[in-house]
Amino acid sequence: MTPVRLSDLAETLGINISTVSRALRNDPRVHEDTRRRVIAEAERLGYRPNLAARNLAEGRSRVVWFVLPGLDSPIEREPAAHASDRLLDRGYDLLLAQYHDRADVYARILGRLAHGGADAAIIIPGRFDGTAERMLQARRIPFVYLDRSIAAVATPVVTTDNFRASQDLFGRLLDRDDPAHVLVVDAFDRPPPNPVEAERQRGLADAVRNKGLRCLPLADFLASPAAALGGGVHRVLVLGTSQERVQAGCNALAAGGTGVPCGLGVFDHWFGVVPSG
């Protein structure tokens, strides 16, 4: 069966092709009665638009990709839902692309973007080197990072108040009844790999200082957990961005057999592994 073309609709309706095209795109310049006639005739004849041709003619797809590691955390789900609502209001569709923390999948997704897969992208980047992003920049595909950044890539970053977020996380973990006997372990990367990590670390340091608590970098705690617990520590709080680093602190505490409980706070990913002890 031969596909119905725009010219077929125009000939049947007795109007020019450009008016038919505008009517099918809900162009406000087309009178409402004409728009309804065109849509009704398109449905009757079974017209299906050639999206590839339309995108080529318009120079845009009206699609934005949200590139993210996964959908396990509200940190990823909630921004995606919010972005989808805002983009729909502006006539764009948001498509999700998950790279599951795999560099090869990340590079493949951004490669498809670079070859015209969408008009723009919102990206929660992984801990990669920025090579894939340079393909987007070479093709002039606009993109922004969300809540993280890669130091080698110059692009806008939309982020939360990470200084305050770190303080809030610390406050939720802190035992308010007896904070004097709490040891805090700073499991953030040292040196910070990006401005987001730096703000999180600075927020934790400020909160600990305001409470008058003792805080050790993860490396110092791992070197001698038993010595770190001297002075009547009743609870240890380990905070960081990476689950692996936070888990290492909790495991070191459990391995010492002290029976001191461990509270842990992770910003980005929690993979469901229960700390030893």
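The written sequence of each chain sets the order in which its residues are numbered from 1. In view of the model being predicted, local features appear only for residues whose pLDDT reaches at least 70, and side-chain atom pairs are presented and counted only at 80 or more, with totals across whole chains, interfaces and linings using the full set of residues. Calculated side-chain values reflect all of the structure's heavy atoms, with hydrogen atoms and water omitted.

A.B. asks: Summarise the overall build of the chain; cite the residues concerned and give the values.
C.D. replies: Looking only at helices and strands, the chain features twelve helices and nine strands. Taking as baseline every contact in the chain between residues at least 6 positions apart, the subset at least 24 positions apart corresponds to 65%. Under the convention used here, a 1.4 Å probe and the Shrake-Rupley method define accessible areas, while residue burial counts only the protein chains that appear. Split by element, the accessible area of the chain, about 15300 Å² in all, is 53% carbon and sulfur. For the purposes of this entry, the term helix denotes a DSSP run of H or I that reaches at least four residues, the term strand denotes a run of E that reaches at least two, and both are numbered from the N terminus. Note on definitions: a residue-residue contact is assigned when non-hydrogen atoms from the two residues lie within 4.5 Å.

A.B. asks: Explain the pattern of salt bridges to me, using residue names and the numbers behind them.
C.D. replies: The term salt bridge refers to a pairing of a side-chain nitrogen on Lys or Arg with a carboxyl oxygen on Asp or Glu at a separation within 4 Å. Evaluated as defined, the whole model comprises eleven salt bridges. Across the pair Arg5 and Asp8 runs a salt bridge, and its minimum N-O distance is 3.6 Å. Salt-bridge contacts for Glu41 lead to Arg44; the nearest nitrogen and oxygen are separated by 2.6 Å. On the criterion of helical spacing, the pair formed by Glu41 and Arg44 is a turn pair, its members being three residues apart in helix H3 (residues 32–45). Only protein chains enter the accessibility calculation, which uses a 1.4 Å probe; a residue whose area is less than 20% of its type maximum is buried, one above 50% is exposed, and one in between is partly exposed. Residue Glu41 is classed as buried on the basis of its relative accessible area of 11%. Ionic contacts of the salt-bridge type, sharing partners, join the residues Glu32, Arg35 and Arg36 into one network.

A.B. asks: Summarise the side chain of Gln167; cite the residues concerned and give the values.
C.D. replies: Take Gln167: it is sitting in helix H8 (residues 162–173). Not counting residues up to four positions away in its chain, the partners in contact with Gln167 are Gly203, Asp206 and Ala207.

A.B. asks: Just give me the short version of the environment of Arg44, but keep the residues and values in it.
C.D. replies: The class of Arg44 is exposed, set by a relative accessible area of 58%. Here a polar contact means two N or O atoms within 3.5 Å. Within protein one must be a hydrogen donor candidate and the other an acceptor candidate, and residues neighboring in sequence count only if both atoms are side-chain atoms. A distance of 2.6 Å separates a polar atom in the side chain of Arg44 from a polar atom in the side chain of Glu41.

A.B. asks: Break down the pairing of strand E7 (residues 214–217) for me, citing the residues and quoting the values.
C.D. replies: Here a strand pair is declared whenever DSSP counts at least two bridges between the two strands. The pairing of strand E6 (residues 182–186) with E7 spans four bridges and is parallel. Residue pairing in the sheet places Asp186 in a bridge with Pro217 of E7. For the crossover from E6 across helix H9 (residues 195–211) to E7, the handedness is right-handed. By convention, orient the strands away from the viewer: a clockwise path from the first strand over the helix to the second makes the crossover right-handed.

A.B. asks: Which residues make up the pairing of strand E2 (residues 93–98), and what values go with them?
C.D. replies: Sheet topology note: the strand E1 (residues 63–68)/E2 ladder contains six bridges and is parallel. The partner of Leu68 across the bridge, within E2, is Gln98. Where the polypeptide runs from E1 across helix H5 (residues 74–89) and back to E2, its parallel neighbour, the crossover connection is right-handed.

A.B. asks: Tell me what's going on with the packing of helix H6 (residues 103–117) against helix H7 (residues 131–138), and back it up with residues and numbers.
C.D. replies: Running from N to C, H6 and H7 point in directions that differ by 0 degrees, and their axes come no closer than 9 Å. The orientation of H6 relative to H7 falls into the category roughly parallel. Across the interface between the two elements, Tyr106, Ala107, Leu110, Gly111, Leu113 and Ala114 of H6 pack against Ala132, Glu133, Met135 and Leu136 of H7. Charged residues are taken to be Asp, Glu, Lys and Arg, nonpolar residues to be Ala, Val, Leu, Ile, Met, Phe, Trp, Tyr, Cys and Pro, and polar residues to be all remaining types, Gly included. Here the residues of the contact of H6 with H7 sort into eight nonpolar, one polar and one charged. Axis definition: a line fitted to C-alpha atoms, over the contacting stretch in the case of helices. Angles run 0 to 180 degrees between N-to-C directions. Oblique is the label for every angle not falling under 35 degrees (roughly parallel), over 145 degrees (roughly antiparallel), or within 65 to 115 degrees (roughly perpendicular).

A.B. asks: An account of the sheet that holds strand E3 (residues 120–123) is needed here, citing residue identities and associated values.
C.D. replies: Strands sit in the order E2-E1-E3-E4-E5 across an open sheet of five strands; the sheet is parallel. Sheet topology places E2 and strand E5 (157–158) at the edges, where each strand pairs with a single neighbour. Relative to E3, E1 is paired through four bridges, and the arrangement is parallel. Across the sheet, residue Val67 finds its bridge partner in E3, namely Ile123. Contacting E1, E2, E3 and strand E4 (143–146), H6 runs over the sheet at an angle of about 165 degrees to E1.

A.B. asks: Describe in detail the sheet that holds strand E8 (residues 235–240), supporting the description with residues and values.
C.D. replies: Reading across from one edge, E7-E6-E8-E9 is the order of the four strands in this open sheet, with parallel pairing throughout. Where the open sheet ends on each side, the last strands, each with one partner, are E7 and strand E9 (262–266). Strand-to-strand twist across the sheet, computed as the mean angle between neighbouring axes with direction ignored, equals 20 degrees. Inspection of the sheet shows E8 paired to E9 by five bridges, in the parallel sense.

A.B. asks: Lay out the nonpolar core in plain terms, naming residues and giving numbers.
C.D. replies: The biggest cluster of nonpolar side chains holds 21 residues, and the ones touching the most others in it are Val67, Tyr106, Leu110 and Ile123. Residue assignment for this core shows that the elements contributing at least two residues are E1, H6, E3, H7 and E4. Broken down by element, this core gets its largest block of residues, six residues, from H6. Discounting chain neighbours no more than four positions away, the residues touching Ile123 are Val67, Tyr106, Leu110, Leu136, Phe143, Val144, Tyr145 and Leu146. To form a nonpolar core, buried Ala, Val, Leu, Ile, Met, Phe, Trp, Tyr and Cys residues must be joined to one another through side-chain atoms within 4.5 Å. Phe221, Val233, Cys250 and Val260 belong to the second largest nonpolar core, which has 16 residues in total.

A.B. asks: Explain the packing of aromatic side chains to me, using residue names and the numbers behind them.
C.D. replies: Aromatic rings in a pair are described by how distant their centres are and how their planes are angled relative to each other. Note on aromatic pairs: the rings of Phe, Tyr and Trp (six-membered ring only in Trp) are paired at centre separations within 6.5 Å, and the planes decide the class, stacked below 30 degrees, edge-to-face beyond 60, tilted for the rest. The final tally for this structure, using the stated rule, is five aromatic pairs. Centre to centre, the rings of Tyr99 and Tyr106 are 4.7 Å apart; their planes meet at 75 degrees, and the pair counts as edge-to-face. When sorted by exposure, Tyr99 lands in the same class as Tyr106, which is buried. Plain terms: the ring middles of Tyr106 and Phe128 are 4.7 Å apart, the flat faces sit at 50 degrees to each other, and that makes the pair tilted. One end of the pair, Tyr106, is in helix H6; the other, Phe128, is in the loop between E3 and H7, with 22 residues separating them in the sequence. A relative accessible area of 2% means that Tyr106 is categorised as buried. Among the aromatic residues, those joined into a ring-pair cluster are Tyr99, Tyr106 and Phe128.

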